[in-house]
Structures are given as structure tokens and as C-alpha cells.
Amino acid sequence: MAAQAAARAGIPLAFSTFSIASMEKLSRVPGVDLLAQIYVFRDRDLTRDTNHCLA
């Protein structure tokens, strides 16, 4: 997994809101430093639902 490789190398891992790996799964990797690419939609409810785990 890329998150494990990033943690071992000591570099941050950037991931997208639409990533195939969930934020919850990525955050469980010990030592990983995550950066999120967040999409903001006109429909703020959709934005909140899509990015709920980042709050």
C-alpha cells in the first residue's frame, strides 16, 4: 500500500476525496502523514457527505 511506503520513507501521502482507499483505512497506517485533496461542490450537503471523515 502506498501509505505504508510513504510512512517508511517519511514523506506525506496525498489522497483524493475520490480515492479508492478510504481515509479511515489510510489513517490506520502507523506513521503516515496524510494530505487531502478536497472537492467542494455547489451542493454543500454533498460536500459534507463526501468529506465527512476529514472533519
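1. So, the confidence of the model for the chain
With 95% of its residues at a pLDDT of 70 or more, the chain has an overall mean of 88. Across the chain, the element-wise mean pLDDT spans from 85 in helix α3 (residues 44–50) up to 95 in helix α1 (residues 2–9).

2. Digging into the packing of aromatic side chains
Here the distance between the centres and the angle between the planes together describe a pair of aromatic rings. As enumerated under the stated definition, the model contains two aromatic pairs in all. Each ring, one from Phe-18 and one from Tyr-39, has its centre 5.0 Å from the other, and the planes form 45°; the classification is tilted. One end of the pair, Phe-18, is in the loop between β1 (13–16) and α2 (23–27); the other, Tyr-39, is in the loop between β2 (34–37) and α3, and 21 residues separate them in sequence. Phe-18 gets classed as exposed once you look at its relative accessible area, which sits at 52%. Residue classification places Tyr-39 among the partly exposed positions, given a relative accessible area of 31%. Consider the rings of Phe-18 and Phe-41, whose centres lie 6.2 Å apart with planes at 65°: the pair is edge-to-face. With Phe-18 in the loop between β1 and α2 and Phe-41 in the loop between β2 and α3, this pair connects stretches of sequence that are 23 residues apart. Cluster of aromatic residues (ring-pair linked, three or more members): Phe-18, Tyr-39 and Phe-41.

Conventions used here
- Residues numbered from 1 in each chain as written.
- Predicted model: local features only at pLDDT ≥ 70, side-chain atom pairs only at ≥ 80, totals over all residues.
- Heavy atoms only, no water.
- pLDDT = per-residue confidence, 0-100.
- Helix = DSSP H or I, 4+ residues; strand = E, 2+ residues; numbered from the N terminus.
- Phe/Tyr/Trp six-rings, centres within 6.5 Å; stacked < 30°, edge-to-face > 60°.
- Buried < 20%, exposed > 50% of the residue type's maximum accessible area, 1.4 Å probe, protein only.

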